[in-house]
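Observations on chain architecture
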Amino acid sequence: MYILGLETSCDETSLAIYHSERGLLAHNIYSQIALHHPYGGVVPERASRDHVQKILPLLHETLASAEITLQQIDGIAYTKGPGLVGALLVGATLGRTLAFALGIPAVGVHHLEGHLLAAQLEVESPEFPFLGLLVSGGHTELIAASEFGRYQTIGETLDDAVGEAFDKTAKLLGLPYPGGAALAKLAEQGNPQRFTFPKPLLQKANLDFSFSGLKTFARNTLQTEGCDMQTKADIAYAFQHAVVATLSKKCERALLQTQLKTLVIAGGVGANTALRQQLAKLCAALDVKLYFPRPLFCTDNGAMIAYAGWLRLRQGAQENLAIKVIPRWSLDDLQS
Ligand code: KG4
Ligand code: ZN
């Protein structure tokens, strides 16, 4: 079966073709970063309009790279939520209508399920049950995944998502949006001894996170210590160190609490090298298997939607003819 995957939940238009036996055949991402750059964040209306402009040319490109025609597609998967309503509607409208025109099934995919299953696109692929650490621009969640379609959120952020905290702190340091990767790069020049940032909620026995205070700490440190390049790098180091230590400690607690022996990382911040290294150490110490998607599939992508969609389509799932998106949607409410 050839499955077309469409991802348009935020600021990436991404399409992929997944084949049930041959795996991923084609994958394209058009990022809107340059479009939103002057505004320092995603402008929803501009995002939707840009998806409208880019999605059809990307569809033709993706079919060409997979060397198939539209008529060969057997099923279509699109991101149904959560995300920006206008942006979601672009992928959902194209996906649902195209499937109707071709007389094939369409399935709406939960964006976070896509992220959680992205590591299964790799050769070394995790099996259920596992603990998922979902760290992106919009989400920071610890998820106990007992089987395909059954997820329980056991910890989450009480304020900013971790990627959002990276981006806001990067902005304070004068780095362009989205600044997560640039902040990580700057942290490489930082002096580990100079600043110690607080590790939020670490003393609390629960599995929740809080990252908004770190950004304030970074702002205050900048104000008192000056903003020369070395000070900025030292702040970047201390910020990243506090985030990584907090994420790692909460993962350790969650693994011990759930007794799960597999940890799967998902979401854009999963591309962070310091986080990858720290979690590798933690998992080696706890005798837990650790899985990451390749960095390209940590951030938003159509491949994870095509793959998750295929798993649902083969179970017989399909949308009715209504074009429906769900901008706010918890993974816990997903039905397998
Ligand atoms: O999963 P994603 O592409 O989009 C959402 O669904 O939110 O994640 C994007 C987030 C941004 O906040 C970006 O700054 C962050 O992931 N990010 C990073 C790195 N690469 C991307 N954060 C820290 N270190 C990185 N290397
Ligand atoms: Zn995402």
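Before reading on, note that the structure itself is shown above.
Conventions and cut-offs
Residues numbered from 1 in each chain as written. Chains lettered and ligands numbered in written order. Predicted model: local features only at pLDDT ≥ 70, side-chain atom pairs only at ≥ 80, totals over all residues. Heavy atoms only, no water. Axes fitted to C-alpha atoms, helices over the stretch in contact; angles between N-to-C directions. Helix = DSSP H or I, 4+ residues; strand = E, 2+ residues; numbered from the N terminus. Parallel < 35°, antiparallel > 145°, perpendicular 65-115°, else oblique. Left-handed = near helix turned anticlockwise from the far one by under 90°. Contact = heavy atoms within 4.5 Å. Nonpolar A, V, L, I, M, F, W, Y, C, P; charged D, E, K, R; others polar. Near = heavy atom within 4 Å. Polar contact = N/O pair within 3.5 Å; in protein donor to acceptor, adjacent residues only side chain to side chain. Areas by Shrake-Rupley, 256 points an atom, 1.4 Å probe, with all protein chains shown as cover. Phe/Tyr/Trp six-rings, centres within 6.5 Å; stacked < 30°, edge-to-face > 60°. Buried < 20%, exposed > 50% of the residue type's maximum accessible area, 1.4 Å probe, protein only. 1 Å grid on protein atoms, 1.4 Å probe; cavity = no way out; pocket = protein on both sides within 12 Å on 5 of 7 lines; lining within 4 Å. Points joined across faces, edges and corners; volume = space filled by probe spheres on them. Donors = N, O, S within 2.8 Å, 3.2 Å for Na, K, Ca; no water. Tetrahedral: all angles 85-135°; square planar, octahedral: opposite > 155°, others 65-115°. Pairing = 2+ DSSP bridges.

With their axes 11 Å apart at the nearest point, helix α7 (residues 212-225) and helix α8 (residues 229-258) run at an angle of 160° to one another. Comparing the axis directions of α7 and α8 gives the class roughly antiparallel. Handedness of the crossing formed by α7 with α8: right-handed. Two secondary-structure elements touch here, α7 through Leu214, Ala218, Thr221, Leu222 and Glu225 and α8 through Thr231, Lys232, Ile235, Phe239, Ala242 and Val243. Taken together, the residues of the contact of α7 with α8 break down into seven nonpolar, two polar and two charged.

Once that is clear, we can look at the site of ligand 1. As a structural note, the neighbourhood of ligand 1 is formed by 18 residues, with Gly137, Asp167, Gly268, Asn272 and Asp300 the closest of them. Taking Gly137, its main chain carries an N or O atom lying 2.8 Å from an oxygen atom of ligand 1. Within the complex, the protein chains bury 85% of what would otherwise be the 560 Å² of accessible surface of ligand 1. Mapped onto the shell around ligand 1, the elements with two or more residues apiece are α4 (111-117), α5 (162-172) and α6 (180-187). Ranked by residue count, the leading element in the shell around ligand 1 is α5, at three residues. Residue composition of the shell around ligand 1, grouped by class: five nonpolar, eleven polar and two charged.

Here we come to the packing of aromatic side chains. Within this structure, the stated rule accounts for seven aromatic pairs. Each ring, one from Tyr18 and one from Trp310, has its centre 5.6 Å from the other, and the planes form 40°; the classification is tilted. Highlighted residues: Tyr18 in strand β2 (residues 12-19) and Trp310 in helix α11 (residues 302-313), separated in sequence by 292 residues. Judged by its relative accessible area of 10%, Tyr18 falls in the buried class. Note on Trp310: relative accessible area 11%, which makes it buried.

What follows concerns the layout of surface pockets. Sizing a probe to match a water molecule and rolling it over the atoms shows the empty space that remains. The calculated volume of the second largest pocket comes to roughly 190 Å³. For the second largest pocket, the full set of lining residues is Tyr237, Gln240, His241, Val244, Ala245, Ala274, Gln277, Gln278 and Lys281. The biggest single contributor to the lining of the second largest pocket is α8, with five residues. Grouping the amino acids of the lining of the second largest pocket by side-chain chemistry returns four nonpolar, four polar and one charged.

With that out of the way, let us pick up unusual backbone geometry. Of the consecutive residues Gly81 and Pro82, the connecting peptide bond is found in the cis state with omega at -10°. Counting through the fold element by element, Pro82 comes out in the loop between β4 (75-81) and α3 (85-102). Tyr177 connects to Pro178 through a cis peptide bond whose omega is -10°. Relative to the assigned elements, Pro178 resides in the loop between α5 and α6. A positive phi is found at Glu67, a non-glycine position, where the angle reads about 55°. Tracing the backbone shows Glu67 in the loop between α2 (44-66) and β4.

Now for the coordination of the zinc ion (ligand 2). Around the zinc ion (ligand 2), the protein supplies His111 (NE2), His115 (NE2) and Asp300 (OD) as donor atoms, at distances of 2.1 Å. Coordination geometry of the zinc ion (ligand 2): the four donor atoms subtend angles of 93 to 142° at the metal centre, consistent with an arrangement described as irregular. Donor residues for the zinc ion (ligand 2) sit on one chain with the sequence pattern H-x3-H-x184-D. With a gap of 185 residues between them, His115 in helix α4 and Asp300 in the loop between α10 (295-298) and α11 connect regions that are remote in the sequence. The same class applies to His115 and to Asp300, which are both buried.

Our focus in this paragraph is the pairing of strand β3 (residues 23-31). Taken together, the eight bridges between β2 and β3 define a ladder with antiparallel strand orientation. Each bridged residue has a counterpart across the sheet, and for Leu15 the counterpart in β3 is Asn28. The hairpin turn running from β2 into β3, its antiparallel successor, is three residues long.

Sheet architecture is open: five strands sit in the order β8-β7-β6-β9-β10, paired in mixed fashion. Each having just a single partner strand, β8 (150-156) and β10 (289-291) make up the two edges of the open sheet. For this sheet, the mean inter-axis angle between neighbouring strands, taken without regard to orientation, is 25°. Two elements, strand β6 (residues 130-135) and strand β7 (residues 140-147), share six bridges in a ladder whose sense is antiparallel. Residue pairing for β7: Leu131 is matched across the bridge by Ala144. Docked against the sheet, α8 engages β6, β7, β8 and β9 (262-266), running at close to 155° with respect to β6.

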